[in-house]
Amino acid sequence: MELYTDEYFMREAMKEAAKAFDIGEVPVGAVVVSNNKIIGRAHNQTEKLTDATAHAEMLAITAAANYLGSKYLSECTLYVTLEPCVMCAGALHWTQLQKLVFGASDIQRGYSLVSTPLLHPKTEVVKGVKAEESKQMLTDFFKRIRN
């Protein structure tokens, strides 16, 4: 079995973000990986579903939990193009996620702005994978909607 890298899975998350971009959603994409296999993938759908909680991470968590038949993702990695918000970080805590890998930091709403630790204590965090590409897609999106 071929082992994929963080960059490979982040590219898959970027494909999800591109789907969001194309339908007018904030371009954030996420994939959940277990045993080197994507078991959940999603992009932001807050406008489409008229649901403020329909963030890419939340939808990918649900898909992965359904795939596993478990509420815990303790042997999974979430790849997401933008640093999770406080809501998503809280959800990741409850899933006992093993590893979080994100691209761009969210300097306005990211979970790391909060002084109280939100992720599960055992969750490993890797920041900045494909950060420039993630940030550029967000910049392009907001330029497009403001013009």
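About the cut-offs
- Residues numbered from 1 in each chain as written.
- Predicted model: local features only at pLDDT ≥ 70, side-chain atom pairs only at ≥ 80, totals over all residues.
- Heavy atoms only, no water.
- UniProt positions renumbered as here; feature names shortened; annotations may be inferred.
- Helix = DSSP H or I, 4+ residues; strand = E, 2+ residues; numbered from the N terminus.
- Buried < 20%, exposed > 50% of the residue type's maximum accessible area, 1.4 Å probe, protein only.
- Contact = heavy atoms within 4.5 Å.
- Disulfide = S-S within 2.5 Å.

The protein is annotated in an unreviewed UniProt entry as tRNA-specific adenosine deaminase of Ohtaekwangia koreensis. Word for word, the UniProt comment on the protein under Catalytic activity (unreviewed entry) is "adenosine(34) in tRNA + H2O + H(+) = inosine(34) in tRNA + NH4(+)". Checking UniProt for the protein, the heading Sequence similarities (unreviewed entry) contains the comment "Belongs to the cytidine and deoxycytidylate deaminase family. ADAT2 subfamily."

Peer 1: I keep staring at the side chain of Thr77 and nothing clicks. Help me out?
Peer 2: Structurally, the position occupied by Thr77 is in strand 3 (residues 76-82). Here Thr77 falls in the buried class, since its relative accessible area comes to 10%. Excluding residues that lie within four positions of it along the chain, Thr77 makes contacts with Val31, Val32, Val33, Leu97, Lys99 and Val101.

Peer 1: Mind showing me how you'd approach the UniProt feature "active site" (unreviewed entry) in the protein here?
Peer 2: In this numbering, the UniProt entry assigns the feature "active site" (unreviewed entry) to Glu57. Setting aside chain neighbours within four positions, we find Glu57 in contact with Val28, Ala30, Leu78, Val80, Leu82, Pro84, Cys85 and Cys88.

Peer 1: Before we go on, may I ask you to explain the UniProt feature "domain: CMP/dCMP-type deaminase" (unreviewed entry) in the protein in this structure?
Peer 2: The positions that UniProt labels "domain: CMP/dCMP-type deaminase" (unreviewed entry) are, in the present scheme, residues 4-114. Between the first and last C-alpha atoms of residues 4-114 the distance is 32 Å; the span itself is 36% helix and 23% strand.

Peer 1: What is the right way to read the state of the cysteines from this model?
Peer 2: Enumeration according to the criterion identifies 0 disulfides in this entry. Here Cys76 is not disulfide-linked; the sulfur of Cys88 is the nearest cysteine sulfur, at 16 Å. In this structure Cys88 is not part of a disulfide, and its nearest cysteine sulfur, from Cys85, lies 3.8 Å away. Owing to a relative accessible area of 0%, Cys88 belongs among the buried residues under this scheme.

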